Amino acid sequence: MRRNFFRDIDWKGVLKACIEILRSIGRGDFLIRMRVDKLFPYILYTVFIGILSIWLSYQAEKTMHKVEVNKEKIESLKYAHANKTCEIIGLSRISTVEKLLEESGSELRIPETPAYTIKK
C-alpha cells in the first residue's frame, strides 16, 4: 500500500507548482498569492512588539550602565570623605589650632591659666 503512494503522485504537476512558486518569488507577489495581506495587521503588531522589546532592553542596559558608573563615583567619594573627615578631626586639636594661628600671624594664644567660673 505504501509503495503505490509515491507512484500515484503527479510529479509533472509538482514540478510545475515548484516552478510557479519560484517565478512568484522572483516577481515579488508570492506573499500576496498566499493571502498574507489578510495577516498584515498582525504582522505589524508583532513587529511593533519586537521593536518595543528591543528598545526596553536597550533602556534597561543604559540604566544599568549608569548604575555601575555611579557606584564607582560613590566609592571614590567615600575615600575622599574619609580623608576630609581625618583632616577636620586633625584640625580640631588644640595644638594644631595654635600652630595655624601662629602661621597666620594672629595674636590669639591658648590661655595659660585655666578658666574659672564666676560665682554669684
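Predicted, not measured: the structure shown is a model, and the values here were computed from it.

Caption draft 1: View of the overall build of the protein. Along its length, the protein carries five helices and zero strands. Against the globule reference of 14 Å for 120 residues, the protein gives a C-alpha radius of gyration of 43 Å, more extended than a compact globule. For the protein, the spread of C-alpha atoms along the principal axes amounts to about 125 × 35 × 35 Å. Per-residue burial for the protein yields a buried fraction of 2% across its 120 residues. Approximately 12100 Å² of the protein is accessible, and the part contributed by carbon and sulfur atoms is 65%. One finds the centroid of the 21 positive side-chain charges in the protein at a distance of 15 Å from the centroid of its 15 negative side-chain charges.

Caption draft 2: Region of the structure containing the confidence of the model for the protein. When the pLDDT values of the protein are averaged, the result is 87; 98% of them are 70 or greater. Element-level pLDDT for the protein is lowest in helix α1 (residues 2-7), with a mean of 68, against a maximum mean of 94 in helix α4 (residues 40-91).

Caption draft 3: Main features of a nonpolar patch on the surface. A cluster of nonpolar side chains, contributed by Tyr45, Phe48, Ile49, Leu52, Trp55, Leu56 and Tyr58, occupies part of the molecular surface with about 760 Å² of accessible area. Topologically, tyrosine 45 is positioned in helix α4.

Caption draft 4: The pattern of salt bridges, seen in detail. Per the counting criterion, the structure on display carries three salt bridges. The closest approach of N and O atoms between glutamate 75 and lysine 78, which form a salt bridge, is 3.7 Å. Of this pair, glutamate 75 and lysine 78 both sit in helix α4, separated by three residues, roughly a single helical turn. A residue is classified by how much of its surface remains accessible, and glutamate 75, at 38% relative accessible area, is partly exposed. Among the charged side chains, a salt-bridge network with shared partners connects Glu20, Arg27 and Asp29.

Conventions adopted
Residues numbered from 1 in each chain as written. Predicted model: local features only at pLDDT ≥ 70, side-chain atom pairs only at ≥ 80, totals over all residues. Heavy atoms only, no water. Helix = DSSP H or I, 4+ residues; strand = E, 2+ residues; numbered from the N terminus. Rg over C-alpha atoms; globule rule 2.2 N^0.38 Å. Buried < 20%, exposed > 50% of the residue type's maximum accessible area, 1.4 Å probe, protein only. Areas by Shrake-Rupley, 256 points an atom, 1.4 Å probe, with all protein chains shown as cover. Lys, Arg positive; Asp, Glu negative; His and termini not counted. Charge placed at Lys NZ, Arg CZ, Asp CG, Glu CD. pLDDT = per-residue confidence, 0-100. Patch = residues over 30% accessible without salt bridge, like charges linked within 9 Å, V, L, I, M, F, W, Y side chains within 5 Å. Salt bridge = Lys/Arg side-chain N within 4 Å of Asp/Glu carboxyl O.

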